[in-house]
Amino acid sequence: MVFLVIVYLVADKPGYRQAGAARTERTLTPATPARVLPVAAAMAGLPGTAGLQTNTVPGGSTATFSPPAPSESWGSTNGPYGGRVYSLAISPDYAADRTIFAGTAGGGVFKSTDGGNSWAAANAGISSPWVSSLALSPGYAADRTVFVGTLAGVFRSTDAGASWTAVNAGITIPNVSCLALSPGYAADRTIFAGTNGGVFKCTDGGDSWSAVNTGIANAAIVSLALSPGYVADRTVFAGAAGRGVFKSTDGGNSWAAANYGLTSLDAFSLALSPGYPADRTIFAGTSFGGVFRSTDGGASWAAVNAGIESLPVWSLAVSPSYLDDRTTFAGTTTGRILKSIDGGSSWVDVNAPLANLVVRFLAVSSGYAADRTIFVGTDGGGVFKSTDGGASWAAVKAGITNAYVVSLALSPGYAADGTVFAGTTGGVFKSTDGGDSWGAVEPPMADAFVTSLAASPSYAADRAVFAGTTRGVFKSTDGGVAWISVNAGTTNFDVRTLALSPGYAADRTIFAGTYSEGVFRSSDGGSSWTAINAGMTNLDVRCLALSPSYEADRTIFAGTYGGGVFKSTDGGGTWAAANAGMPDLSVLSLALSSGYPADRTIFAGTWRSTLKSADGGSSWLATNAGISSSWVSSLALSPDYATDRTIFAGMGGGGIFRSPPPPPLPGDANNDGVVNAADLALVRASFNRRAGEPGFNPYADLDGNGIVDVLDMVLIGLNSGKTG
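These lines cover the structure that appears in this document, whether it is placed above or below.

Calculation rules
- Residues numbered from 1 in each chain as written.
- Predicted model: local features only at pLDDT ≥ 70, side-chain atom pairs only at ≥ 80, totals over all residues.
- Heavy atoms only, no water.
- Helix = DSSP H or I, 4+ residues; strand = E, 2+ residues; numbered from the N terminus.
- Buried < 20%, exposed > 50% of the residue type's maximum accessible area, 1.4 Å probe, protein only.
- Contact = heavy atoms within 4.5 Å.
- Areas by Shrake-Rupley, 256 points an atom, 1.4 Å probe, with all protein chains shown as cover.
- Pairing = 2+ DSSP bridges.
- Phe/Tyr/Trp six-rings, centres within 6.5 Å; stacked < 30°, edge-to-face > 60°.
- Lys NZ or Arg CZ within 6 Å of the ring centre and 35° of its normal.
- Salt bridge = Lys/Arg side-chain N within 4 Å of Asp/Glu carboxyl O.
- Core = buried A, V, L, I, M, F, W, Y, C linked by side-chain atoms within 4.5 Å.
- Axes fitted to C-alpha atoms, helices over the stretch in contact; angles between N-to-C directions.
- Parallel < 35°, antiparallel > 145°, perpendicular 65-115°, else oblique.
- Nonpolar A, V, L, I, M, F, W, Y, C, P; charged D, E, K, R; others polar.
- Polar contact = N/O pair within 3.5 Å; in protein donor to acceptor, adjacent residues only side chain to side chain.

Here we take up the overall build of the protein. Helix and strand counts for the protein come out as 16 helices and 58 strands. Here the protein, with 724 residues, has 57% of them falling under the buried criterion. For the protein, long-range pairs separated by at least 24 residues make up 48% of all intrachain contacts whose partners lie at least 6 apart in sequence. Approximately 26000 Å² of the protein is accessible, and the part contributed by carbon and sulfur atoms is 54%.

We now examine the sheet that holds strand S20 (residues 236-240). Through backbone hydrogen bonds, the strands of a sheet pair up, either in parallel or in antiparallel fashion. A sheet is described by the order of its strands in space; here 4 strands give the open sequence S19-S20-S21-S22, paired in antiparallel fashion. The open sheet has two free edges, formed respectively by strand S19 (221-226) and strand S22 (256-257), since each of these has just one partner strand. Two strands pair when backbone bridges link them, and strand S21 (residues 244-248) and S22 are joined in this way by 2 bridges, in the antiparallel orientation. Of the residues in S22, the one forming a bridge with Lys247 is Ala256.

Our next topic: unusual backbone geometry. Notably, Arg463 is not glycine yet its phi reads approximately 55°, a positive angle. Checked against the element boundaries, Arg463 lands in the loop between helix H10 (459-462) and strand S41 (465-469). Judged by its relative accessible area of 33%, Arg463 falls in the partly exposed class. Of note, the phi angle at Asn688 is positive, near 70°, even though the residue is not glycine. Locating Asn688 in the fold gives a position in the loop between helix H15 (677-685) and helix H16 (710-719).

Another point: the packing of aromatic side chains. Applying the stated criterion across every chain, the model contains 14 aromatic pairs. Relative to Tyr322, the ring of Phe283 has its centre 6.1 Å away and its plane inclined at 80°; by these criteria the two rings are edge-to-face. A residue pair is termed long-range when its members are at least 10 positions apart, and Phe283 in strand S24 (residues 282-286) and Tyr322 in helix H7 (residues 322-325) qualify at 39 residues. Seen from their ring centres, Phe511 and Tyr550 are 5.9 Å apart, and the 80° between their planes marks the pair as edge-to-face. Here Phe511 is found in strand S45 (residues 510-514), whereas its partner Tyr550 is found in helix H12 (residues 550-553), with 39 residues between them in sequence. The pair Phe511 / Tyr550 is uniform in exposure class, with both members buried. Over the aromatic face of Tyr86 sits the side chain of Arg360, whose NZ or CZ is 4.0 Å from the ring centroid.

Applying the stated criterion to the full structure yields 6 salt bridges. Between Asp494 and Arg496 there is a salt bridge, with the nearest N and O atoms lying 3.0 Å from each other. Overall, Asp494 belongs to the buried group, its relative accessible area being 17%.

Moving on, we come to H16. Given 3.6 residues to a turn, an α-helix orients residues that are three or four positions apart in the same direction. All buried positions along H16 are accounted for by Val710, Asp712, Met713, Ile716, Gly717 and Asn719. Looking one or two residues past H16, Gly721 carries a phi angle of roughly 90°, positive in sign.

If you walk across this open sheet you meet the 4 strands as S52-S53-S54-S55, and the pairing is antiparallel. Whereas interior strands pair on both sides, the edge strands pair on one side only; in this sheet they are strand S52 (587-592) and strand S55 (621-622). Pairing of strand S54 (residues 610-613) with S55 involves 2 bridges; the strand directions are antiparallel. Looking at the pairing, Leu611 lines up with Ala622 of S55.

Let's shift gears to the nonpolar core. Core analysis: the biggest nonpolar cluster contains 16 residues, and Phe192, Val199, Ile216, Ile221, Leu224 and Trp255 have the highest contact counts within it. Only strand S15 (176-181), S19 and S20 provide two or more residues apiece to this core. Those residues in contact with Leu224 that lie beyond four places of it in its chain are Cys178, Leu179, Ala180, Phe192, Ala193, Gly194, Val199, Phe237 and Ala238.

The next point concerns the pairing of strand S13 (residues 153-157). Taken across its 5 residues, S13 has 5 buried, putting it largely inside the fold. Between the end of strand S12 (residues 146-150) and the start of S13, which pair antiparallel, lie 2 residues. Sheet topology note: the S13/strand S14 (residues 165-166) ladder contains 2 bridges and is antiparallel. The partner of Arg156 across the bridge, within S14, is Thr165.

It is at 10 Å that the axes of H15 and H16 come closest, and there the two elements cross at 180°. The angle between H15 and H16 falls in the class roughly antiparallel. Counting all contacts with H15, which are made through Asp679, Leu680, Val683 and Arg684, the residues of H16 involved are Asp712, Met713 and Ile716. Classifying every residue of the contact of H15 with H16 gives 4 nonpolar, no polar and 3 charged.

Let us now look at H15. H15 sits mainly inside the fold: 8 of its 9 residues count as buried. Capping the start of H15, Asn676 holds a side-chain oxygen 3.1 Å from the backbone nitrogen of Ala678, two or three residues further along.

On to the environment of Asp570. Position of Asp570 relative to the elements: it lies in the loop between strand S50 (564-568) and strand S51 (576-577). Separated by 20 residues in sequence, Asp570 and Tyr550 place their C-alpha atoms 9.4 Å apart. In terms of polar contacts, Asp570 uses its side chain to reach the side chain of Ser568, at 2.7 Å. Polar contacts involving the side chain of Asp570 include one to the main-chain amide nitrogen of Gly573, which spans 2.9 Å.

Right, here's the structure in full:
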C-alpha cells in the first residue's frame, strides 16, 4: 500500500513557502492564513499517475491532474426497496442453501442466500435490466447454473449469478419472455425459450439455439411448462397470447393447439402436476377466464373458478407435494392470492396484506411439505414471503433497489434537512438523509396510485405536501401523516403531475397536469381549479416545472406524452412547443435549476434518456452516464442546485439515482473504486474553488464543506491505496 502524507503549514504572511519544497508548490491566499501544500512531492510514486496531463493553473505554477468529471454522472441510492418483480426462481436445494433469485423490470437480477431476508444485485455481464424469466438447473447445487431471459436475449451463469454471459446464438427474436429447462438438463442440456415470435430450443446448455415453431408460427409465447417426465415423454406446453395453449410430444419439433374448453385464449401461466405422467393434470391461468384445469393432458379443459370469479390470473404454482396435499396457488392482477387444497375445485383468499398489488409471480419451496414456504413477486411492492402456507405474509425486499418511482419531491431546506419524498407503485417513501435510507409513510388513499408529489416552499413551517393520484389531488399539512382530498373544479381525477409556485405561501398557486385534459391551476391552495390549455396541442400532461423566479417571469414548462415539452411565460395563459433536439417526445419528468433565471438549465426524463437544456428549452442533449435504466420517470433538483449540483432521478424500475453519486469509499473522488493519484489530481484541478465559483467540482469536495481544500487532500492521503 502506498501512503500519501500531506503536510501543511500555516503562514503568518502571504508568500510563505516551506524551505526546499518543490517549485510545484502553490501559495494559497484564502481568507484565512495561507496553507502551503507540497503537492508534487506528495503525489510522487502514487499508483495511477501514468498518462496524467500537466496543465498550467492560476498563479503561474503547474500541477499534474486528470480531466474533470463529466458535468453529470449518476450513482444508485440505497432504495427505496421494492419494485417490479416479474420472475422468481428458488434453488432446488432451498432447505440447505436458502437461495432464491428475483428478476425485475428495470433493476436486473437480485439474489438472496438467507431465504429472502436480504438481497444483493447480481448483474455482472447482463446488458438488459429488464428480466422477464429465470430458470435454475435441477442440479444447481453442483453446477451452479442459472439462466435469465431479458429484452436482450438469454444470459447464463455457471457461478451462481456472480457473472453472466450472453448465450443467444441462433435466437433471432431477443425478447425472451419465458424459459424452461429439461428435468434431465444435467444429461440432455435442453432449454426452451419463449419469445414474442415463437419458441427456441437448445440442447447444448445455451450455446446454440434453433427455432422450433412448426404449428405455432408467429405466436407470442408468454408461458412454458415441461412434463416432469420430459426425458421419456418429450412433452412441452406453451401458452400464447390470444392463441391459447399449444402442446408438443416430440420435444418441440411440432405443435398442436390444445384449447378445447378454454374460453380465454391468453394463457399467461401454466403449471403441471408433479405426477403429470400418471395424472395428466395441468393448470392454465388466463386473462379473463380465471383458472382452467385439464386432467387429460390438455385434450380438454374446464374452468375451476369457485372463489376466483374469473379474474385475470397471471401466475400459478403447484405444490411439489401435490399428489398428497392437492395444493395450488393462483395470483391475480387485482392483488389476490388464492389457494386451493382440492386440486383447484375451490379457492380461498390468502392475500393479506397484498391487496391492490399486481401479483406477477408465485414460487413454492421445493420443501413445501415441511417448510410451507411461498414467495410472491409483485408489480410495485417487491417480494413477499409466507412460511405458513399463505396464512400470513411478510415483505422481504431489503436490498431490492428496484422501485418504480413515479414522483419525487425535495424539501426546500434539503441542504439542511436532507428530506426527499418518493412516490412509487409500492407506496410513498421518505428519506431524511439525502436518499441513503428510506422509510414508508402512509399514502393519501389506500386504493390510489400516487403519481406526483410536491412539497410547499415553506415546508419547514407549514409541513404541507400535495399528492397527485389517480383519484385526484390530496393535501397533507403534517409532513405526510394525514391527507385530505382537494379536488373542487377538476373534471378529470387522473392527476399525473403537480407543481407549486415558489411564492406559494403568499399566492397559494398550484398547477396540476392530467391524463387527458391538460393543465389545471389553483390560486387558493387547491380549494378550486381552472383549466388553462391555450396552445397545448397534447393534453396528456405527465410533468410540470416552474421557474424559481415564477413570480417575476411567470415561466412554466409542461411535459406531455407524445407531444414533447410546452413552455408558457404568462403563468399558463398560453403555451408553445419547446422540443428542438429531443429524440423522444414522450416526456415523463421535468426539473429546473434553482439558478434557472441565470443558467437557463432544465432536465427532462423520457422513456429513453435523461436530457438537459442549458438555454431554457431551446435545445436538448442527453446526459445519462452511470444510469442503468433509460426509463426516467421522475426528476428532482436540489433547491441549491446552482451550488451543490445535486439531482435525483427516479426510474420506472431501478429505484433512485443521484448525481453526483456518493463516493463508495472516503477519498475516491472520481468514483473508480480505488483511492490513488487520479483522485488527488481531480482535487488539485479544482483546488481552492468554492461552491458556485467557476471551476468548482462537487466531486472534488470530498468533505462537503463547500470548498476544495487541503482537507479533501487529507482524506485522499489517509485512504490512499484503498479499494472498495
